[in-house]
Amino acid sequence: MDQHVKSLREKAMRLPLQPGVYLMYNNDGHVIYVGKAKALKNRVSQYFGSEKNHDEKVRQMVAHVHHFEFIVTDSEFEALVLECSLIKQYHPKYNILLKDDKGYHYIKITKGPWPRIEAAKQKLDDDAIYIGPYISSWTVSQAVDEAVKIFKLPVCRKKFPQDIGKTRPCLNYYIKQCCAPCYGIVKEHEYDEMIKEAEDFLRGGSAASLKELTEKMTKAAEEMEFEKAARIRDRISAIKKISEKQKVVRTKVAEQDVFALVQSGGSSGTSTACFEVFRFSEGRLYDQETFLMGEIGDVKQARTEFLERYYSVRNRVPPRIVLDGEVENAELLQEWLSVKLGKKVNITIPKIGEQAQLVEMCRNNAAEKLAQSMERTGRETSALDELGRLLGMDTPPMYIEAYDISHQSGEDNVAGMVVFENGRPLKSAYRKFKIKGFTGQDDYASMAEVIERRLKEYQLHRGSEAGFGRLPDLILLDGGKGQISAVRPVLERAGVDIPLFGMVKDDKHRTRAIARDGGEIAISAKRKAFTLVSTIQEEVHRFAIGYHRKVRKKHTLQTELTKIPGIGVTRAKAILSYFKTIKSVKTAEIEQLKLVPGMTKPAAQAVYQYFREQEK
């Protein structure tokens, strides 16, 4: 601990054991963090204690603290209210910051020939038709997307009538999502009618549009305009399909907000997080928000801080808030939200039923958004997040090492190490081991030897990107409690704290559970995590047994070579080292065999003759 941090700790130890707010300042006198505390002395002094107890975000913040100030309050609730006010005032770098309440959004229908329907962030003086305002940009984009698909309106950048007839229609026409004005298929007056119907749909909603379109379809059929009636029928069908999709995202609870958090990253790399928010009114999803974050540190604290910031800059607080995990000081947060709403707010963490399904859907959306920002798939991100939560890890295991032992009745003992980074095999980091410490069959001792050698290699290659030079976020062993008990002391002696679990198979050699100290964790219900662990277990088994077969084949040939007169163990090894493969040895000519170091002409002739006689 340097002298400056020591002096800050001494100052913190003199703080009162009362609730309050503290402000951290940098060298320039700017506030970089604002926090609240039930007991100022206990909370603030923690920052300037041992770094081992801090996550990366806190370490970075503490490194930039020049001094701190504090304000004593009468209660923890007052501290929370003051904290929210000061964060809005100073916008500290190391607090979770969100933008102020949303502005207004509009649906715009452009003026002139061949108008377009699009989303707009502000209302301009351009003679266009504006529908709105709406608070939610998500609602606007959803509505525009629905109207465009139902009425088959163009979304390309072509200008009409200038570009009519210049090119063939694009894919949207062939999949029946565009009327292709660029190809001259639709007349201008027909297009204007589509725009008018789309406007009525956006203003009146699907029910009103269905009634009006049904009347138009009936009239067209009566007047023998069957093509027109068919087009209207298709629009009615499209509106009904859209309505059915909306019913999927409905809930029995009339008004609520659903929150989910997904992380990506760990001890081996930069951590990133994504908060997803689903907002429901009258039982229907009416808004969706995504917030991409950097390092968030402690998950419970991050959820609490995010909720405080979110409802500090949002006008609407629902009577029910659904979370995907625990928060710090839930009762205090609930009290603050209840005061803001003017009636009781309930915070829940559902485990089963409809609400749990909504949380899972929210979490899957967060995983997809986070994956897109990192150029990965949502399935990989979601699987790693689910596995991390299942194993009780603070962050998802982005860099996983798995080990398996392979032998035949204690002979040719080998091990394989495979690496999965971001949910995908990293084959450049795979490693092979020959068991050297003993002979015979002992899977526990073999696994302990492998991990010990792996950690020694880390000290030699420390700092390199992959392979032995980087410690994993998680170690998985093919086996159960016995393998874990054998390896745990190795990690402790090396002074490394890496989560360690086993992969347990059933009697059909399929992944059944994850073993831990003192028990097992069932994973069959966690579909994404189960698939990932099964894939890892199959891959490490394939890699280890493939290496074992190669070693055994080589050992078998070496044994066969020593049967030849004049070929001992040393010469047999030299022959295998020189020719690499069995086929090369068997087809080699005498002159080639003589090139082996230490080989004599009689010995070369003996090898040549031996394999020729075998062929006969």
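Up top is the structure.
Residues numbered from 1 in each chain as written. Predicted model: local features only at pLDDT ≥ 70, side-chain atom pairs only at ≥ 80, totals over all residues. Heavy atoms only, no water.

Another point: the sheet that holds strand 6 (residues 129–134). The strand order across the open sheet formed by three strands is 5-4-6, and the pairing between neighbours is antiparallel. Each end of this open sheet is capped by a strand with a single partner; those strands are strand 5 (117–120) and strand 6. Adjacent strand axes in the sheet meet at a mean angle of 20°, parallel and antiparallel pairs treated alike. One ladder, built from four bridges, connects strand 4 (residues 105–109) with strand 5; its direction is antiparallel. By the bridge assignment for strand 5, Ile109 is matched with Ile117. (Pairing = 2+ DSSP bridges. Helix = DSSP H or I, 4+ residues; strand = E, 2+ residues; numbered from the N terminus. Axes fitted to C-alpha atoms, helices over the stretch in contact; angles between N-to-C directions.)

The next thing to look at is the nonpolar core. If you look at the biggest cluster of nonpolar residues, it comprises 30 residues, and the most contacted ones within it are Phe259, Met293, Phe306, Tyr311, Ile321 and Leu337. Broken down by secondary-structure element, the contributors of at least two residues to this core are helix 4 (76–90), strand 7 (256–264), strand 8 (272–281), strand 9 (284–293), helix 9 (299–312) and helix 10 (330–341). Top element by residues in this core is helix 9. It accounts for six residues. Counting residues in hydrophobic clusters, the runner-up holds 29 residues, among them Val140, Phe151, Val186 and Ala238. (Core = buried A, V, L, I, M, F, W, Y, C linked by side-chain atoms within 4.5 Å. Buried < 20%, exposed > 50% of the residue type's maximum accessible area, 1.4 Å probe, protein only.)

Turning next to the packing of helix 11 (residues 353–373) against helix 12 (residues 378–390). Running from amino to carboxyl end, helix 11 crosses helix 12 at an angle of 120°, the nearest separation of the two axes being 8 Å. It follows that helix 11 is oblique to helix 12 by the angle criterion. Relative to helix 12, helix 11 is oriented so that their crossing is right-handed. Contacts between helix 11 and helix 12 pair Glu360, Arg363, Asn364, Ala367, Glu368, Leu370 and Ala371 from the former with Gly378, Thr381, Ser382, Asp385, Glu386 and Arg389 from the latter. A class-by-class count of the residues in the contact of helix 11 with helix 12 yields three nonpolar, four polar and six charged. (Parallel < 35°, antiparallel > 145°, perpendicular 65-115°, else oblique. Left-handed = near helix turned anticlockwise from the far one by under 90°. Contact = heavy atoms within 4.5 Å. Nonpolar A, V, L, I, M, F, W, Y, C, P; charged D, E, K, R; others polar.)

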